Each structure stands twice: as structure tokens, then as C-alpha cells.
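Single-letter residue listing:
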Amino acid sequence: MIEAFDFFHVGRVLFGNGRCQELGGLARQWGERMLLVTNAGDVGDGALVDRVIELSEQAGMTVHCFRQRGEPNVEDVQTALAMARDQRCDVVVAMGGGSAIDAGKAVAGLMTNGGSVLDYMEVIGRGQKLTRPAAPWIAVPTTAGTGAEVTRNAVIGCPEKKFKASLRSERLLPQLALIDPTLAIDVPRWVTARSGMDALCQLIESFTSNRAQPLTDGLALQGIELAAKALPKVVAAGDDLENRGKMALAALISGVTLTNVGLGAVHGFAAPAGANYPIPHGTVCARLLPPVIQANVTALRADSGGDAYLARYAQIGRSLTGTGGSDSQAIEAGIAFLIDLVEDLQIPPLREFGLTPDGFPELVALARKASSMRYNPVPLSDQALMTILQQAW
Ligand SMILES: [Fe+2]
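No experiment lies behind these values; they were computed from the predicted model shown.

Calculation criteria
- Residues numbered from 1 in each chain as written.
- Predicted model: local features only at pLDDT ≥ 70, side-chain atom pairs only at ≥ 80, totals over all residues.
- Heavy atoms only, no water.
- Salt bridge = Lys/Arg side-chain N within 4 Å of Asp/Glu carboxyl O.
- Helix = DSSP H or I, 4+ residues; strand = E, 2+ residues; numbered from the N terminus.
- Phe/Tyr/Trp six-rings, centres within 6.5 Å; stacked < 30°, edge-to-face > 60°.
- Buried < 20%, exposed > 50% of the residue type's maximum accessible area, 1.4 Å probe, protein only.
- Lys NZ or Arg CZ within 6 Å of the ring centre and 35° of its normal.
- Donors = N, O, S within 2.8 Å, 3.2 Å for Na, K, Ca; no water.
- Tetrahedral: all angles 85-135°; square planar, octahedral: opposite > 155°, others 65-115°.
- Core = buried A, V, L, I, M, F, W, Y, C linked by side-chain atoms within 4.5 Å.
- Contact = heavy atoms within 4.5 Å.
- Axes fitted to C-alpha atoms, helices over the stretch in contact; angles between N-to-C directions.
- Left-handed = near helix turned anticlockwise from the far one by under 90°.
- Nonpolar A, V, L, I, M, F, W, Y, C, P; charged D, E, K, R; others polar.

**A short note on the pattern of salt bridges**
Summed over all chains, the structure comprises 15 salt bridges. Here D42 and R67 are joined by a salt bridge, their closest N and O atoms 2.8 Å apart. Placement of the pair is D42 in the loop between β2 (33-38) and α2 (48-58) and R67 in strand β3 (residues 62-67), with a sequence separation of 25 residues. With a closest N to O distance of 2.6 Å, K164 and E71 form a salt bridge.

Here you go:
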């Protein structure tokens, strides 16, 4: 029997090479004063940000730019929000990697709902519900990774609380996600690699989530196949537009799946690891993915109800490698594929970011509080979580 499910999605997705040209006219339909939240460059650098400002001004808009640096924290969001309120902005365009998109998403939500970001955040805030629709906003990703352009949560860091958590509501979905794969052409190799591993990880964790549903299952498998083939090629040749497009699509799909069914233990660890150490999100995901799958498979084999999830891990192995064999062989081949991929992409191990084994127990304790951990296909013991960190280290 098909179990009940909900499915959330943005109003409209525009996908295609060169479609960034349409941005100004699209934004103009919702207002005249744009807050551009970006980490894709600076005003005056003669590149993408200047081009978007020019296009928007040609469409009759005034543009105020907030430059997001690093992953967004509470202070960043409050600063950008103050700018939006002072300048009476009526439209937000969030353009860049997931950090800029999440910052812009949070600002759009707060512009209409009032209060501060901590009033609404999960885990580390007061967890109030957003009661009004967000200000109209457009998401324009320039990296293929988080899928934040179609998710209904913004991940925000709080350094004092040593944690990253979400502002989450379906009211945060953008009016429009504009995905132009040409915008990623100049993204550096290492950003392409780790962002792509985030997307692949999100697709795998969605497919094995304990809330997985039929509408996202087919999408997730399609995304896994796309990313497994395209990611090594696009890391090797950044101007390979065909594979840039495939990765942009895989990342978009990962956002659709994760926002509907959740993730798992990799992302459970990613929240506290990213808040306590200067480890890029995609790097944490890449390094933790193979050991988390190994731990989950071991726990599922010892669990009387684990067969359905083991079959899913076998499907993932087949999608990654294109090979057949028994379920066990497919699972092992899938794990081996991911270990090789992380090495081939030269994703650094976690020890290179100041994490030491002394810090493992705190990370395990914090990971248990993360929302993603709830959707892991099987509960993992503290010992299993410690072993995962040791293997990713
Ligand atoms: Fe992620």
C-alpha cells in the first residue's frame, strides 16, 4: 500500500543555458526595489553581479547588494534584513552558492513576518511559525550542490551555540528558481567537487530516508545516476557545459527530494561539524558519506526490518556503478565507488580542519540533536557514530 505523503515545490522553475538574462524582467513583476544577496562576486568587479545589476536596472529596478561571506550566521541575516528594511526593498534575489541562497531566503521570510531570525529558528531559536508568505524572492544558484533554490529551509549558523540549524517553513519557497548552468563555468574545481558531493549525498540520503515516498524515489535515482556520471567529468573540465547542466539538474533534484523527505546521519553530523570547525559543508558530506552508508548497512543487516532499506542501498549501488550482481555485491560496489570518487576528487579528510579525536564525543552528542538524524533509515549507536568519524578523519 502507498503510504500518505505531502509534496512541496516552488511555483516555477526556469532551467536553461543563458536564462540569467531573463532575471531583471522577472524580478520587476514583483516590485521595484531589489535586495540582491550574493556570494558570487562583488559590485564593480565587472562580472556576474554587475551584469545582474545592469539587467535589473534596465528592467526599471533599483538594486541594493548584500555580500554574503562564508556560510550565513544569525548576524549576517540580521544585517541583510536591516538593509532590506532601511531601503524598503520589495523583492529579494538570492544568487550564488547555497550560503547566499539560504541567507536571501531567510531575509525574504523575515521581511514580511517581523521579529528576528532567532524567533523562528529550530533547535537553537524559539521555533515560532512563520505566519505570512515571504517577500517575493528568486533563487539563482551558481553552484551545483545544496539544491537550496527549491528547499523550504535556510541553514543558519549560531557561533555562540556552536550549532547550525534551520529556519523552516513552506512559506520560504521562492516564487521562482532560475537555474542557468552557464553561471557555474568559472566555479573553481574544488568548489565544484565538494558542492557536487553534497548534491550526490543529498540524493542518496533522501532515497534511504525513513520518510522516502514514491514521488521523490524516482527523482532521487535519476539524480544519483546523473551525478555519478557527470561529477568526475565536470571537475576535470569546468567548461564542459553538458555536464555542468547535468550537475545543475542533479542538485535541483536533490533539493526537491530532501525538502520533502529529509536526509540522514551524514547531514546530522554536518550541522555541528560545520558550526564547530571551518569545514565546508560539501567536504563533510563527501568524507562522511561512505562510512555512514557502511554503518547503516551493518545496522540494517542486524535489524529484522532492514531488508527494504538494504534493497534501496543495492539500487543506489547499481545506479552509481551501472553494474548488476546480487544485492550484497551492488551495495559493496556502491560503497567502493564512493570511496574512490572522494579520493579521485581529492576531497581532504576532516583532520585537515582542526578536528581531533578528542572532539568526537561532542560531535556525536550534537549530531543526535540535529533534525536530519531523525530520518536516518536505522538508529545508530554512539559507538557506530564514533567509528564513522574515525573513518572520515
Ligand atoms: Fe547538504
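**Some remarks on the packing of aromatic side chains**
Scanning the entire structure with this criterion turns up 1 aromatic pair. Judged by centre distance (6.4 Å) and plane angle (80 degrees), the ring pair of F360 and W393 falls under edge-to-face. Of this pair, F360 sits in helix α13 (residues 360-369) while W393 sits in the segment after α14 (382-392), and the two are 33 residues apart along the sequence. Residue F360 shares its accessibility class with W393, and that shared class is buried. The cationic tip of R312 hangs over the ring face of F207; the distance from NZ or CZ to the ring centre is 4.7 Å. Between R351 and the ring centre of W393, over which it is positioned, the NZ or CZ distance is 4.2 Å.

**What to know about the coordination of the iron ion**
Bound to the iron ion on the protein side are D198 (OD), Q202 (OE1), H267 (NE2) and H281 (NE2), at distances that span 2.1 to 2.2 Å. Every donor counted, the 4 donor atoms about the iron ion form angles of 85 to 155 degrees at the centre, which fits irregular coordination. In the primary sequence, the donor residues of the iron ion line up as D-x3-Q-x64-H-x13-H. Highlighted residues: Q202 in helix α6 (residues 189-207) and H281 in helix α10 (residues 281-301), separated in sequence by 79 residues. Residue Q202 shares its accessibility class with H281, and that shared class is buried.

**So, the nonpolar core**
Considering soluble globular proteins, one finds that nonpolar side chains tend to be buried as a cluster. Among the nonpolar cores identified, the biggest contains 69 residues, and M197, L200, I204 and L288 are the most heavily contacted of them. Apart from the residues lying within four places of it in its own chain, the contact partners of M197 are L231, G282, A286, L289, L341, V342, L345 and I347. Formed by 38 residues, the second largest nonpolar core is a distinct cluster that contains A108, M111, Y120 and A154.

**Thoughts on the packing of helix α7 (residues 214-236) against helix α8 (residues 241-261)**
Interhelical geometry of α7 versus α8 gives an angle of 145 degrees and a closest axis separation of 8 Å. As α7 runs across α8, the sense of the crossing is left-handed. For the pair α7 and α8, the contacting residues are T216, L219, A220, Q222, G223, L226, A227, A230, L231, K233 and V234 in the first and N243, R244, K246, M247, L249, A250, I253, V256, T257, N260 and V261 in the second. Looking at side-chain class alone, the contact of α7 with α8 contains 13 nonpolar, 6 polar and 3 charged residues.

By themselves, these figures tell us nothing about what the structure is for.
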